[in-house]
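Residues per chain, in single letters:
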Amino acid sequence: MRLPHIKNLIVLFGILLLPLTLSAQETDAESGADNEAAFQSWLAEFREDALARGISAGTLDSVLPEIRQQRQAVQADRNQAEFVNTYERYLQRVNTARIEAGKNLMSEHGDMIREVSADYGVQHRFVVAILGLESNYGSFPITEPLFSVIATLAFDGRRGEMFRNELYAALEIVDRGFATPEMMKSSWAGALGIVQFTPSSFLRLAVDHDGDGRIDLWTMGPDVIASVANYLSSTGWRDDQTWGRVVSLPPGGEQSLPAPQSAGMTPESQCRSFESMGAWRGLNDWQQLGVRRADGSDLPTRNLPSALLIGDEGDDKGYLVYRNFCSIMRYNPAFRYALSVSLLADAIDDIRD
């Protein structure tokens, strides 16, 4: 019997697979169509709720028809660097370029930044450091369509109710004339402007500090500085304290020192919800447990309540953090983020301890 030529076999095999390939493509297309139909139905239902909450029909008609699903926002929401990176890798954000850019910002706008931050009882270096982490001091392009990003995340459902409320807030910002729909650009996380405020934070905490009748979070100026400072101030910030300090641990400290929050003193109100920070103790108690400054010298004698954060396993590095650290956590509830802000703030002002 004569065997078919290999080319004929390939053609025959391809013909047999073709219906399966087309079927998979058709299934994907049908799934995509069903998803889009569900999204449009969700938007129609949302429109009725927004009207009932007082958002004008004019605002809704100018915004909702332009909304498109942004599936990349869903991927970004599930892979946030604050939770998937090691401390070592995440803290690389505190690099020479970012430190120098922060110092340059202080050289250019230092008088304004110091004055405005002081009005809210916040050390200027922390305001600048937050801007450095959030948008690289306004230089990082914030170009995504905010309404599409937030609507996609609300429809997605993982944190649907939260993002639904943020969509209401974003519409209110436009409805009240604080910004045009075209100005409402965001990151993939759905945060606005240089300060990366959520829309609800914008409504609660953004400040028209220069009194020009509008809140400008898109241009470096008094409104940007005042809004960040006001955010920190609203969480119980103390300008007579810093964030904490890098510390060295005694042998075996990574294993022996961590303890549940209930094992220590009761933390102040802004810190209680962060139970994974563990036990709060006075600096004197940490000293007795063998914790020292990073250079091995004794801890300060001021007996501030503090919690011990442990870095990556095996690096024997720790961080004693004070109440202000919890205020930074209110901006972004991730230890790595708050540490990056804290370390960058110290580097910008050349604080070594």
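What counts and how
Residues numbered from 1 in each chain as written. Predicted model: local features only at pLDDT ≥ 70, side-chain atom pairs only at ≥ 80, totals over all residues. Heavy atoms only, no water. Core = buried A, V, L, I, M, F, W, Y, C linked by side-chain atoms within 4.5 Å. Buried < 20%, exposed > 50% of the residue type's maximum accessible area, 1.4 Å probe, protein only. Contact = heavy atoms within 4.5 Å. Helix = DSSP H or I, 4+ residues; strand = E, 2+ residues; numbered from the N terminus. Expected span 1.5 Å × (residues − 1). pLDDT = per-residue confidence, 0-100. Disulfide = S-S within 2.5 Å. Phe/Tyr/Trp six-rings, centres within 6.5 Å; stacked < 30°, edge-to-face > 60°. Lys NZ or Arg CZ within 6 Å of the ring centre and 35° of its normal. Bend = angle between axes of the 7 residues up to and from the residue. Pairing = 2+ DSSP bridges. Salt bridge = Lys/Arg side-chain N within 4 Å of Asp/Glu carboxyl O.

K.L.:
Break down the nonpolar core for me, citing the residues and quoting the values.
P.N.:
One finds Phe147, Met277 and Phe325 to be the most contacted residues of the largest nonpolar core, which totals 91 residues. Once residues lying within four places of it in the same chain are set aside, the contact partners of Phe147 are Val63, Ile67, Leu167, Ala170, Leu171, Val174, Pro181 and Met184. With 11 residues, the next largest nonpolar core counts Val247, Leu249, Leu283 and Leu299 among its residues.

K.L.:
Summarise helix H7 (residues 124-135); cite the residues concerned and give the values.
P.N.:
Helix length check: H7 (12 residues) gives 17 Å between terminal C-alpha atoms against 16 Å at 1.5 Å per residue, within 8%. Here H7 has its buried residues at His124, Arg125, Phe126, Val127, Val128, Ala129, Ile130, Leu131, Gly132, Leu133, Glu134 and Ser135. Contact partners of the buried residues in H7: helix H6 (96-119), helix H11 (222-233), helix H14 (323-331) and helix H15 (335-348). Positive phi appears at Asn136, one or two residues downstream of H7, with a value of about 50°.

K.L.:
Give a description of the confidence of the model for the protein chain that names residues and reports values.
P.N.:
Taken as a whole, the protein chain shows an average pLDDT of 89; of its residues, 88% reach a score of 70 or greater. Here residues 9-18 is a poorly scored stretch, pLDDT under 50, and it has 1 contact once near neighbours within four places are set aside; other chains count.

K.L.:
Tell me about the state of the cysteines, residues and numbers included.
P.N.:
Tallied over the full model, the rule gives 1 disulfide. In this model, Cys271 is linked to Cys326 through a disulfide, with the two sulfur atoms separated by 2.1 Å. Between Cys271 and Cys326, the S-S torsion sits near 115°, and that sign places the bridge as right-handed. You can see Cys271 sitting in the loop between helix H12 (253-256) and strand E4 (280-282) and its partner Cys326 sitting in helix H14, a full 55 residues away along the chain.

K.L.:
Give a detailed account of the packing of aromatic side chains, specifying residues and quantitative values.
P.N.:
For the coordinates displayed, the defined rule picks out 12 aromatic pairs. For the ring pair Phe126 and Trp237, a centre distance of 4.9 Å and an interplane angle of 65° mean the geometry is edge-to-face. Of the two residues, Phe126 is situated in helix H7 and Trp237 in the loop between H11 and strand E3 (244-248); the sequence distance between them amounts to 111 residues. Exposure remark for Phe126: the relative accessible area of 0% places this residue in the buried category. Of the aromatic side chains, those joined through ring pairs into one cluster are Phe39, Trp42, Phe46, Phe155 and Tyr168. Directly above the ring of Tyr87 sits Arg336, whose terminal nitrogen or CZ lies 4.4 Å from the centroid.

K.L.:
Give a detailed account of H6, specifying residues and quantitative values.
P.N.:
End to end, H6 covers just 30 Å across 24 residues, shorter than the expected 34 Å (1.5 Å per residue, more than 12% under). The largest bend in H6 is about 90°, located at His109. Of all the positions in H6, only Arg98, Ile99, Gly102, Leu105, Met106, Gly110, Met112, Ile113, Val116 and Ser117 are classed as buried. Buried positions along H6 lie against H7, H11 and H15. At the exit of H6 stands Gly121, carrying a positive phi of roughly 70°.

K.L.:
Hey, could you go over the pairing of E3 for me, with residue numbers and the actual values?
P.N.:
As defined by bridge partners, E3 adjoins strand E7 (residues 317-321) across 5 bridges and the pair is classed as antiparallel. Its bridge partner lying in E7, Gly244 is registered against Val321. Where E3 lies against strand E5 (residues 292-293), 2 bridges are found, and the strand directions are antiparallel. Across the sheet, the residue bridging to Ser248 is Arg292, located in E5.

K.L.:
Account for the environment of Tyr322, naming residues and giving values.
P.N.:
As for its position among the elements, Tyr322 is in the loop between E7 and H14. The exposure class of Tyr322 is buried, given its relative accessible area of 1%. A sequence separation of 81 residues divides Tyr322 from Gln241, and the C-alpha atoms of the two residues are 7.9 Å apart. Every residue in contact with Tyr322, bar those within four places of it in the chain, is listed here: Gln241, Thr242, Trp243, Gly244, Arg245, Trp280, Leu283, Leu304, Pro305 and Ser306.

K.L.:
For the pattern of salt bridges, give the residues involved together with the corresponding values.
P.N.:
Applying the stated criterion across every chain yields a total of 13 salt bridges. Asp350 is paired through a salt bridge with Lys103; the nearest N and O atoms lie 2.8 Å apart. Residue Asp350 is located in the segment after H15, and its partner Lys103 is located in helix H6; the two are separated by 247 residues in the primary sequence. Overall, the relative accessible area of 45% leaves Asp350 in the partly exposed class.

K.L.:
Lay out the environment of Trp237 with the relevant residues and their values.
P.N.:
Look at Trp237 and you get buried, because its relative accessible area is 8%. Spatially, the C-alpha atom of Trp237 lies 8.9 Å from that of Cys326, the residues being 89 residues apart in sequence. Once residues within four sequence positions are removed from consideration, Trp237 is found in contact with Gly121, Val122, Gln123, Phe126, Leu232, Asn324, Ser327 and Ile328.

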